[in-house]
2 protein chains.
Amino acid sequence: MSKKKTGVTITDVARLAGVSTATAGRVLGDYGYSSREKREKVLSAAQALGYRPNLLARSLITGRTKTIGVVAGDIQSPFYASILRGISNVAERNDFGLIITNSDENIEHEIRSVRLLLEKQVDGMIVSPCDPEGGEHLVSVVAAGIPIVQIDRQVHSLGADFVGVDNKQGAHDAVARLLAQGHRRIGMIGELGYGDWSIEEFFALASAPSYASDSLYPSWQRLHGYVEAHREAGVPLDPMLIGRSRSYSAQGAQHQVE
Amino acid sequence: MSKKKTGVTITDVARLAGVSTATAGRVLGDYGYSSREKREKVLSAAQALGYRPNLLARSLITGRTKTIGVVAGDIQSPFYASILRGISNVAERNDFGLIITNSDENIEHEIRSVRLLLEKQVDGMIVSPCDPEGGEHLVSVVAAGIPIVQIDRQVHSLGADFVGVDNKQGAHDAVARLLAQGHRRIGMIGELGYGDWSIEEFFALASAPSYASDSLYPSWQRLHGYVEAHREAGVPLDPMLIGRSRSYSAQGAQHQVE
DNA sequence: CTGTTAGCGCCTTCAA
DNA sequence: TTGAAGGCGCTAACAG
């Protein structure tokens with residue numbers, strides 16, 4: 001009949017148990033002291049009433065939400081899905097909640113997501129920044145004292161932790177091995193979607209021994225490794241051997257092959 | 001230097017704007033009346049201080065969190081990933097947050113997840129119940145006035161909304177078409193992992209025209225469709241044509257073929 | 001060890 | 001249209 005949300009509060013439990021709300025809070029929240037006797041009274045009262053703590057109220061006071069926010073590129077991609085699964089496992093093991101958002105590699109979506117997470121008072125964020133250059137919104141987050149861990153890509157100027165793949169080194173090692181085996185025409189298909197250069201231009205840039213690709217997108221970092229391996233082996237580069245799929249998809253790659 | 005979280009509150013904004021917290025709240029929360037003049041004062045004060053509303057505090061009062069909780073089987077599976085993506089899109093469009101959890105098709109995980117979501121005061125839940133029979137934990141949720149939408153599988157006794165595939169009909173139609181084309185030995189590989197019957201036993205059960213498979217796991221529902229199509233066509237069933245992969249994986253299916 | 005008193009940040013009556 | 005006062009559910013300081 002009644003349509004109101006029940007909302008059994010700590011006060012209800014305290015009353016039924018015949019103690020103060022403070023004492024009830026101490027046993028239900030598992031902090032501070034409490035005698036065996038009172039403890040049992042409170043627990044059974046809570047049980048009887050079907051009490052569930054209101055984590056919002058608790059967080060409002062403690063300042064901690066036991067929630068971490070994630071800004072992924074696209075939940076649906078196997079890459080992010082597997083990462084999310086790992087994050088989720090660890091979070092659950094530690095009784096943390098997870099608020100997950102997609103950026104679709106779009107900076108405005110990312111900013112929106114970050115704002116939402118901030119307002120929901122997450123304790124920390126895991127972000128895959130879609131633009132290695134522009135990260136003012138992230139700066140304001142760390143400034144607010146909320147830790148950020150970056151995934152896959154990083155905003156260097158942020159100085160926040162980063163978990164990812166050493167793209168340049170990986171590609172370098174793979175290509176170097178092929179070159180060592182005597183191969184000379186090594187093809188590579190990469191996403192290489194964003195970036196202001198043609199392959200020729202990038203080859204020129206990346207051939208400088210001091211070139212740093214750390215702040216580029218992953219596929220360009222890998223191409224840099226490709227270039228370095230060639231330079232070290234003294235093998236000339238041929239732009240015709242590089243395919244730009246412009247998307248991370250099998251179709252895109254297939255298209256480059258044909 | 002200071003390590004404290006800044007925490008610009010509505011009070012700070014009100015003071016700077018020279019109005020009461022009530023007025024500041026009205027413009028920042030976009031409710032109630034406010035004069036153009038005050039409104040602008042408040043907004044620029046908020047801007048200057050970098051004010052961000054504390055959604056926890058707001059939710060504590062309003063009783064609504066603009067958050068919906070999801071209990072998926074496994075984020076990482078393409079099936080759930082695509083569903084989550086859709087949910088996420090709609091949620092974002094409506095300024096809702098999403099708390100996502102995995103059940104791993106394990107009832108205890110599911111119960112844990114549901115409890116967490118309840119305590120975080122989600123406004124509603126989307127659940128893929130791992131046991132079509134046992135759903136007491138879900139009953140208590142709807143009893144608390146929190147709407148549930150079920151995905152893929154449903155607890156019938158719950159009487160909650162359900163979104164899914166008509167497994168029986170789909171399998172029935174596919175098999176019926178093959179039979180109509182004259183084929184007689186039609187194989188089927190299904191997960192068929194849970195369930196107390198052997199294939200022979202299930203054939204016997206499902207051959208009854210009145211048999212209802214609604215509360216079974218999806219793969220059994222599909223097998224029911226297979227059986228019905230055969231019955232309607234008067235084609236005898238052969239248990240040897242059914243493979244039980246016992247998992248939703250390519251490997252499992254492949255193994256049945258060999 | 002326990003109860004009382006204050007709030008957390010915000011919204012919501014209710015007067016003015 | 002505005003402000004003052006009260007309270008959401010809970011925890012953090014005190015005294016006792």
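Note that the structure is a prediction, hence the values are computed from the model and not measured. (Residues numbered from 1 in each chain as written. Chains lettered and ligands numbered in written order. Predicted model: local features only at pLDDT ≥ 70, side-chain atom pairs only at ≥ 80, totals over all residues. Heavy atoms only, no water.)

J.: So what exactly am I meant to see when it comes to the protein's contact with DNA strand C here?
T.: Taken together, 21 residues lie near DNA strand C, and Thr23 and Ser35 of chain A together with Ile10, Arg58 and Ile61 of chain B sit nearest. Of everything in DNA strand C that lies within 4 Å of the protein, sugar and phosphate atoms constitute 67%. Here Tyr51 of chain B contributes a side-chain N or O atom positioned 2.7 Å from a phosphate oxygen of DNA strand C. Sorting the residues of the surface near DNA strand C by element identifies helix 2 (21-28) and helix 4 (55-62) of chain A together with helix 4 (55-62) of chain B as the ones contributing at least two each. Split by residue class, the surface near DNA strand C holds 12 nonpolar, six polar and three charged. (Near = heavy atom within 4 Å. Polar contact = N/O pair within 3.5 Å; in protein donor to acceptor, adjacent residues only side chain to side chain. Helix = DSSP H or I, 4+ residues; strand = E, 2+ residues; numbered from the N terminus. Nonpolar A, V, L, I, M, F, W, Y, C, P; charged D, E, K, R; others polar.)

J.: Even after reading the chapter, I still don't get the domain arrangement of chain A, so can you show me in this structure?
T.: Interface size is commonly expressed as the accessible area that is lost once the parts come together. Examined at the domain level, chain A breaks down into domain 1 (10-62), domain 2 (67-163) and domain 3 (167-257). Once you take the C-alpha centre of each, domain 1 of chain A and domain 2 of chain A turn out to be 35 Å apart. (Domains from an automatic or database assignment.)

J.: Whenever I open this one, the protein's contact with DNA strand D confuses me. Can you help?
T.: Not every one of the 23 residues close to DNA strand D is listed here, only the nearest: Ile10, Arg58 and Ile61 of chain A together with Thr23 and Lys38 of chain B. Counted by atom, the contact set of DNA strand D within 4 Å of the protein is 68% sugar and phosphate. Arg58 of chain A has a polar side-chain atom sitting 2.4 Å from a phosphate oxygen of DNA strand D. Take Ser20 of chain B: an N or O atom from its side chain is 3.1 Å from a phosphate oxygen of DNA strand D. Among the elements of the structure, helix 2 and helix 4 of chain A together with helix 2 (21-28) and helix 4 of chain B are those that each provide at least two residues to the surface near DNA strand D. Residue composition of the surface near DNA strand D, by class: 12 nonpolar, seven polar and four charged.

J.: I tried to follow the side chain of Ser103 of chain B on my own but got confused; where do I start?
T.: Residues and elements named next belong to chain B. Mapped onto the elements of the fold, Ser103 is located in the loop between strand 2 (97-102) and helix 6 (107-119). For Ser103, a relative accessible area of 0% puts it in the buried group. Ignoring any residue separated from it by four or fewer positions in sequence, one finds Ser103 in contact with Val71, Ala72, Gly73, His109 and Glu110. (Buried < 20%, exposed > 50% of the residue type's maximum accessible area, 1.4 Å probe, protein only. Contact = heavy atoms within 4.5 Å.)

J.: Could you clarify how one ought to interpret the interface of chain A and chain B in this entry?
T.: On the chain B side, the residues contacting the 40 residues of chain A number 40 residues. The shortest N-O distance in the salt bridge between Arg112 of chain B and Asp95 of chain A comes to 3.5 Å. Of all the secondary structure elements, the ones that give two or more residues to the side of chain A that touches chain B are helix 4, helix 5 (78-93), strand 2 (97-102) and helix 6 (107-119) of chain A. Classifying every residue of the side of chain A that touches chain B gives 14 nonpolar, 14 polar and 12 charged. (Salt bridge = Lys/Arg side-chain N within 4 Å of Asp/Glu carboxyl O.)

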